[in-house]
Amino acid sequence: RACNISACSYKLRNVELHPLWKGPLDIPGGSRQSPINIRVRDSVFHPNLAPISTQYDPNTCIHIWNNGYSFLVEYDDCTDKSVVSGGPLENPYRLKQFHFHWGANNDWGSEHTVDSKVFPAELHLVHWNCSKYQTFEEAVMEENGLAVIGIFLKLGRHNQKLQKLVDILPSVRYKDSLTEFNYFDPSCLLPTCSDYWTYSGSLTTPPLTESVTWIMMKRPIEVDHSQLAVFRSLLYTAVGEEEKNMVDNFRPLQPLMNRTVHSSFK
Ligand SMILES: NS(=O)(=O)c1ccc(NCc2ccco2)cc1
Ligand SMILES: [Zn+2]
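This write-up is about the structure you can find in this document. (Residues numbered from 1 in each chain as written. Chains lettered and ligands numbered in written order. Predicted model: local features only at pLDDT ≥ 70, side-chain atom pairs only at ≥ 80, totals over all residues. Heavy atoms only, no water.)

We now examine helix 3 (residues 160-168). Within the sequence span of helix 3, burial applies to Leu162, Gln163, Leu165 and Val166. Buried residues in helix 3 make contact with strand 4 (61-66), strand 5 (71-75), strand 7 (93-102), strand 14 (221-223) and helix 4 (225-231). Two to three positions downstream of the cap, the backbone nitrogen of Lys161 sits 3.1 Å from a side-chain oxygen, assigning the N-cap of helix 3 to Asn159. (Buried < 20%, exposed > 50% of the residue type's maximum accessible area, 1.4 Å probe, protein only. Helix = DSSP H or I, 4+ residues; strand = E, 2+ residues; numbered from the N terminus. Contact = heavy atoms within 4.5 Å. Polar contact = N/O pair within 3.5 Å; in protein donor to acceptor, adjacent residues only side chain to side chain.)

Here it is in structure tokens:
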């Protein structure tokens, strides 16, 4: 009898546990994960892809903080003052925050790659679909909830526009530290060339939800050694914990699966 009950409960438990019958399939481990390698020759030119249009109000910049993954510059997203529109987007998306991913040295650090070329860092400008959702947190969970503009960083000349940000980083060295930071217009970090690739993907850190329209700028911006070195002086760890330098905070490449990358240029 006992073994029958256990067998039965085992069977029930087994059905209970099988992930295929648990919720929607678009959970992480799904079909549209990020980052990816962009194979330039496989990208499909989309002639009616409009240019990306950003309008950012520097007064909506509120603070900068270390969330234990990266440092985030956060914006007041209660109004439509700072938005991105155009390109593959049907309506405006509100700027929520921007952050970076970088390596322990200049040989790697970006999340996306272009024909397997890795950059030393990558900037993400994170926006959410304010026409369809009420909050960023809600949009994170929805199919076309987010639009992230990705910009590669390459080693080169000193980036004067970035220096205001670099100078404040020591004040957010520790996890969960926060500093007031205002009057910063992130459009000064966009490359002058408007060419981009776009594809459907996901967040690259938890909750890894498949809610992102990615817009990857073709041209990198330049930063110098000293500026990247300051990124690497940040810590994953909080005050009082054994110090771990915040480096290599990028996710490995994910399979393209059944996706096409579109380009705004020939
Ligand atoms: N690296 S990224 O641009 O794909 C990215 C962007 C934004 C978050 N946010 C994660 C989050 C916060 C609250 C709910 O969800 C995570 C990752
Ligand atoms: Zn990111």
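On we go.
Close to ligand 1 lie 15 residues; His99, His101, Leu203, Thr204 and Thr205 are nearest. Within the side chain of His99, an N or O atom sits 3.2 Å from a nitrogen atom of ligand 1. Here an oxygen atom of ligand 1 sits 3.4 Å away from a polar atom, N or O, in the side chain of His124. A total of 430 Å² of accessible area belongs to ligand 1 in isolation, and the protein chains cover 80% of it. A per-element tally of the shell around ligand 1 places strand 7 first, with three residues. Classifying every residue of the shell around ligand 1 gives eight nonpolar, six polar and one charged. (Near = heavy atom within 4 Å. Areas by Shrake-Rupley, 256 points an atom, 1.4 Å probe, with all protein chains shown as cover. Nonpolar A, V, L, I, M, F, W, Y, C, P; charged D, E, K, R; others polar.)

Before going further, it helps to examine the coordination of the zinc ion (ligand 2). Here the zinc ion (ligand 2) is held by His99 (NE2), His101 (NE2) and His124 (ND1), and the distances to it run 2.0 Å. Considered as a linear motif, the donors of the zinc ion (ligand 2) on their single chain read H-x1-H-x22-H. In this pair, His101 is assigned in strand 7 and His124 in strand 9 (residues 121-128), connecting sequence segments 23 residues apart. Given a relative accessible area of 2%, His101 falls into the buried group. (Donors = N, O, S within 2.8 Å, 3.2 Å for Na, K, Ca; no water.)

For the rest of this paragraph, the subject is unusual backbone geometry. Here the amide bond leading from Ser34 into Pro35 is cis, since omega sits at 0°, within 30 degrees of zero. Relative to the helices and strands, Pro35 is located in the loop between helix 1 (2-17) and strand 1 (37-38). The omega torsion of the bond from Pro206 to Pro207 falls at 10°, within 30 degrees of zero and hence cis. Considering the arrangement of structural elements, one finds Pro207 in the loop between strand 12 (196-201) and strand 13 (212-217). The phi torsion at Leu208 lies on the positive side, around 55°, for a residue other than glycine. Within the fold, Leu208 resides in the loop between strand 12 and strand 13.

For the rest of this paragraph, the subject is the state of the cysteines. A covalent bond bridging the sulfur atoms of two cysteines is what the word disulfide describes. This model, assessed by the stated rule, comprises zero disulfides. Its sulfur unpaired, Cys78 is 12 Å from the next cysteine sulfur, which belongs to Cys130. The exposure class of Cys78 is exposed, given its relative accessible area of 62%. Residue Cys188 stays outside any disulfide, its sulfur separated by 10 Å from that of Cys61, the closest cysteine. The class of Cys188 is partly exposed, set by a relative accessible area of 27%. (Disulfide = S-S within 2.5 Å.)

This part takes up the pairing of strand 6 (residues 83-86). On a regular strand, one side chain projects to one face of the sheet and the next to the other, so that they alternate. In this structure, strand 3 (residues 52-55) lies alongside strand 6, joined through four bridges in antiparallel fashion. Bridge pairing in strand 6 links Ser53 to Ser85. When strand 6 meets strand 7, the two strands line up antiparallel, connected through two bridges. Looking at strand 7, one finds that Val83 is bridged to Arg94. Hairpin geometry of strand 6 and strand 7 is characterised by an intervening segment of six residues between the two adjacent antiparallel strands and by a positive phi of about 55° at Gly87. (Pairing = 2+ DSSP bridges.)

Take it as geometry only, folks, not as evidence of what the structure does.
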